[in-house]
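# Coordinate analysis (summary)
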Amino acid sequence: MDCLFCKIISGDIPSAKVYEDDTVYAFKDINPMAPVHILIVPKTHISSVNDITAENSTVVSHIFEVAAILAKDLGISESGYRVVSNCGADAGQSVFHLHFHLLGGKQLKLEMC
Ligand code: 5GP
Ligand code: ZN
């Protein structure tokens, strides 16, 4: 499968890893929109939120556990942060491997859309 994030997870494409376990990989976004901008992804290929099911959704709750751990480690758990997943064209999804942006380290724009 020709998937950028699968290649990052396998190490075929380099990334600035910040966390890894059996099911989740997290790395710095190459084009950060905030002082902290981490991408948290499942190691299994899921294309987007559209493809989350009862069979694969356990990894999503685990991703949020990892988001909380990373927010604390990176010093933004008290100042605040946002966890976002873009799904499809109207949301601007550009990589079709499910990912959650962890954004913080500054006052984020209050507009959601
Ligand atoms: P999306 O637009 O799909 O919600 O988010 C994709 C994100 O992946 C973007 O924020 C983009 O900067 C990031 N990205 C794209 N290519 C690479 C890459 O090769 N390495 C890393 N670390 N991030 C990437
Ligand atoms: Zn993939």
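Our structure's up above, just so we're on the same page.
Overview of the structure.

Criteria and thresholds
- Residues numbered from 1 in each chain as written.
- Chains lettered and ligands numbered in written order.
- Predicted model: local features only at pLDDT ≥ 70, side-chain atom pairs only at ≥ 80, totals over all residues.
- Heavy atoms only, no water.
- Helix = DSSP H or I, 4+ residues; strand = E, 2+ residues; numbered from the N terminus.
- Rg over C-alpha atoms; globule rule 2.2 N^0.38 Å.
- Buried < 20%, exposed > 50% of the residue type's maximum accessible area, 1.4 Å probe, protein only.
- Areas by Shrake-Rupley, 256 points an atom, 1.4 Å probe, with all protein chains shown as cover.
- Salt bridge = Lys/Arg side-chain N within 4 Å of Asp/Glu carboxyl O.
- Donors = N, O, S within 2.8 Å, 3.2 Å for Na, K, Ca; no water.
- Tetrahedral: all angles 85-135°; square planar, octahedral: opposite > 155°, others 65-115°.
- Lys, Arg positive; Asp, Glu negative; His and termini not counted.
- Polar contact = N/O pair within 3.5 Å; in protein donor to acceptor, adjacent residues only side chain to side chain.
- Expected span 1.5 Å × (residues − 1).
- Pairing = 2+ DSSP bridges.

## Thoughts on the overall build of the chain
For the chain, the helix and strand inventory stands at two helices and five strands. Secondary structure elements of the chain, listed N to C terminal, follow the sequence α-β-β-β-α-β-β. The C-alpha atoms of the chain give 14 Å as radius of gyration, which agrees with the globular expectation for 113 residues (13 Å, within 12%). For the C-alpha atoms alone, the extent of the chain along its principal axes is close to 40 × 30 × 30 Å. When each of the 113 residues of the chain is scored for burial, the buried share is 36%. Carbon and sulfur atoms form 54% of the exposed surface of the chain, whose accessible area is close to 6,800 Å².

## Quick look at the pattern of salt bridges
This model, assessed by the stated rule, comprises three salt bridges. For Asp2, the salt bridge goes to Lys7, with nearest N and O atoms at 2.5 Å. The closest approach of N and O atoms between Glu20 and Lys43, which form a salt bridge, is 2.9 Å. Placement of the pair is Glu20 in strand E1 (residues 17-20) and Lys43 in the loop between strand E3 (36-42) and helix H2 (58-73), with a sequence separation of 23 residues. On the accessibility criterion, Glu20 (35% relative accessible area) is partly exposed. Members of the salt-bridge network, linked through shared partners, are Lys17, Glu20 and Lys43.

## Here's the deal with the coordination of the zinc ion (ligand 2)
For the zinc ion (ligand 2), every protein donor is listed as Cys3 (SG), Cys6 (SG), His45 (ND1) and His97 (ND1), and the spread of their distances is 2.1 to 2.3 Å. Here the zinc ion (ligand 2) binds four donor atoms, and the angle range of 104 to 116° at the metal identifies the geometry as tetrahedral. For Cys6, a relative accessible area of 23% corresponds to the partly exposed category.

## A few points about the side chain of Asp21
With respect to the helices and strands, Asp21 occurs in the loop between E1 and strand E2 (24-28). It turns out Asp21 is buried and unbridged, and the closest side chain with the opposite charge, Lys43, is 5.9 Å from it. A distance of 2.9 Å separates a polar atom in the side chain of Asp21 from the backbone nitrogen of Thr23.

## Looking at H2
Taking 1.5 Å as the rise per residue, H2 with 16 residues should run 22 Å; its terminal C-alpha atoms sit 23 Å apart, in good agreement. Among all positions in H2, only Val59, Val60, His62, Ile63, Val66, Ala67, Leu70 and Ala71 are buried. Positive backbone phi, approximately 80°, marks Gly75, located one or two places after H2.

## Topic: the pairing of E1
As judged from the three bridges shared by E1 and E2, these two strands associate in the antiparallel manner. When the bridges of E2 are listed, Glu20 appears paired with Tyr25. The loop that links E1 with its antiparallel partner E2 comprises three residues.

Everything listed here is a matter of coordinates, which is why it stays silent on function.
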